[in-house]
Amino acid sequence: AQTIHQWPVAEIKAVGSPLSLGCTIKGKSSPNLYWYWQATGGTLQQLFYSITVGQVESVVQLNLSASRPKDDQFILSTEKLLLSHSGFYLCAWSLGTGDEQYFGPGTRLTVL
Amino acid sequence: GQQVQQSPASLVLQEGENAELQCNFSSTATRLQWFYQRPGGSLVSLLSNPSGTKHTGRLTSTTVTKERRGSLHISSSQITDSGTYLCAMEPGYQNFYFGKGTSLTVIP
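Described below are features of the structure shown in this document.

Rules behind the numbers
Residues numbered from 1 in each chain as written. Chains lettered and ligands numbered in written order. Predicted model: local features only at pLDDT ≥ 70, side-chain atom pairs only at ≥ 80, totals over all residues. Heavy atoms only, no water. Helix = DSSP H or I, 4+ residues; strand = E, 2+ residues; numbered from the N terminus. Rg over C-alpha atoms; globule rule 2.2 N^0.38 Å. Buried < 20%, exposed > 50% of the residue type's maximum accessible area, 1.4 Å probe, protein only. Contact = heavy atoms within 4.5 Å. Phe/Tyr/Trp six-rings, centres within 6.5 Å; stacked < 30°, edge-to-face > 60°. Pairing = 2+ DSSP bridges. Axes fitted to C-alpha atoms, helices over the stretch in contact; angles between N-to-C directions. 1 Å grid on protein atoms, 1.4 Å probe; cavity = no way out; pocket = protein on both sides within 12 Å on 5 of 7 lines; lining within 4 Å. Points joined across faces, edges and corners; volume = space filled by probe spheres on them. Nonpolar A, V, L, I, M, F, W, Y, C, P; charged D, E, K, R; others polar. Buried area = accessible area lost by both parts, 1.4 Å probe. Salt bridge = Lys/Arg side-chain N within 4 Å of Asp/Glu carboxyl O. Polar contact = N/O pair within 3.5 Å; in protein donor to acceptor, adjacent residues only side chain to side chain.

A separate point is the overall build of chain B. What chain B contains, in helices and strands, is 0 helices and 11 strands. For chain B, the α and β elements follow one another from N to C terminus as β-β-β-β-β-β-β-β-β-β-β. For chain B, whose C-alpha radius of gyration is 13 Å, the value lies close to the compact-globule estimate of 13 Å for 108 residues. Across its three principal directions, the C-alpha atoms of chain B cover 40 × 25 × 20 Å. Counting only residues that meet the buried cut, chain B has 44% of its 108 residues in that class. Of all intrachain contacts in chain B linking residues separated by at least 6 positions in sequence, the fraction that spans at least 24 positions is 54%.

Moving on: the packing of aromatic side chains. Evaluated as defined, the whole model comprises 9 aromatic pairs over all chains. Summarising the aromatic geometry, the rings of Y36 of chain A and F103 of chain A are spaced 5.5 Å apart at their centres and angled 40° between planes, so their arrangement reads as tilted. Linking Y36 of chain A in strand β4 (residues 32-38) with F103 of chain A in strand β10 (residues 101-103), this pair joins segments that are 67 residues apart in sequence. Exposure remark for F103 of chain A: the relative accessible area of 10% places this residue in the buried category. Members of the aromatic cluster, joined through ring pairs, are Y34, Y36 and F103 of chain A together with F35, F96 and F98 of chain B.

Let's shift gears to the sheet that holds strand β6 (residues 52-56) of chain B. Hydrogen bonding along the main chain pairs the strands of a sheet, whether they run parallel or antiparallel. Residues and elements named next belong to chain B. Strand order in this open sheet of 5 strands is β1-β3-β8-β7-β6, and the pairing throughout is antiparallel. Each having just a single partner strand, β1 (4-7) and β6 make up the two edges of the open sheet. For this sheet the average axis-to-axis angle between neighbouring strands, irrespective of direction, equals 15°. Examined bridge by bridge, strand β3 (residues 19-25) and strand β8 (residues 69-74) share 6 bridges and lie antiparallel to one another. Note on β8: the bridge partner recorded for E20 is H73.

So, on to the layout of surface pockets. Of the volumes computed, that of the largest pocket is approximately 270 Å³. If you trace the largest pocket, you find 14 residues lining it, with Q38, A39, G41 and G42 of chain A together with Q37 of chain B closest to the centre. For the lining of the largest pocket, the residue count by class is 3 nonpolar, 8 polar and 3 charged. The wall of the second largest pocket is formed by 16 residues, among which T43, L44 and Q45 of chain A together with Q2 and F98 of chain B lie closest to the centre. Contributions of two or more residues to the lining of the second largest pocket are made by β5 (45-52) of chain A together with β1 and β10 (97-98) of chain B. With 3 residues, the single largest contributor to the lining of the second largest pocket is β1 of chain B. The residue inventory of the lining of the second largest pocket, partitioned by class, reads 7 nonpolar, 8 polar and 1 charged.

It is worth spelling out the environment of Q55 of chain A at this point. Residues and elements named next belong to chain A. Here Q55 shows up in strand β6 (residues 55-58). Along the primary structure Q55 and L109 are separated by 54 residues, whereas in three dimensions their C-alpha atoms are 25 Å apart. In this structure Q55 touches Y49 and S50, once residues within four positions along its chain are discounted.

When glycine is set aside, most residues are seen to have a negative phi, and most peptide bonds are trans. Omega for the peptide link from W7 of chain A to P8 of chain A comes to -10°, which places this bond in the cis form. Here R68 of chain B, not a glycine, exhibits a phi torsion of approximately 55°, which is positive. With respect to the helices and strands, R68 of chain B occurs in the loop between β7 (59-64) and β8. Despite not being glycine, S76 of chain B has its phi angle at roughly 45°, a positive value.

Below, the discussion takes up the interface of chain B and chain A. In this complex, chain B contributes 18 residues to the contact, which on the side of chain A involves 20 residues. Regarding the contact of chain B and chain A, the summed buried area is about 1600 Å², with carbon and sulfur atoms giving 52% of it. When the buried surface of chain B facing chain A is broken down by residue, Q94, F96 and F98 of chain B rank first, second and third, together holding 37% of it. Our count for the contact surface shared by chain B and chain A stands at 0 salt bridges. On the surface where chain B and chain A come into contact, there are 7 residue pairs in polar contact (both at pLDDT 80 or more). Elements with a minimum of two residues in the side of chain B that touches chain A: β4 (31-37), β5 (43-49) and β10 of chain B. A per-element tally of the side of chain B that touches chain A places β4 of chain B first, with 4 residues.

Laid out in structure tokens, this is it:
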């Protein structure tokens, strides 16, 4: 069975500090991977997607970057956090284009 | 940019009643998807269809791509159906734009 794990579960960070959020998918090779973000009370927005290792496409950047260093790993990061980065971050995977997406439990980020 | 409007914003039903959730979008879509957002924030994919009607269990999704609208029908609502329902449109594969959601409350 496939599992999707996100880390950390929650994080409190200072403005200007770096950030790294991770997502790992086990039990499925070469999945499509996605990062989403939702501000508290806001609309869910897609940030990035990746079809293959080393290849990441940006949908909405928000001063964040993403990387896919391994087939089963997707990393979201920034060198300097802004207050506006607070919110809920979701990672998802799918078998391929047009297929159902499966979401991780999410990471809640608070920037102070 | 892409806009996705969901209505109603909230809905209260008695158990056993049917729910009709609407989704309108501002540009051409290749597909419309419906998700259930758990109280903790994570999402569960419900239905996805490019056009026409699709069923699963008590859920029916209808997408009319040319008219830029879709709907999710929930029959015989149950208390456990309570939560937030999101629709997302895809103008092209791999890009998704979400609506703000419909908050559904089912009471006994």
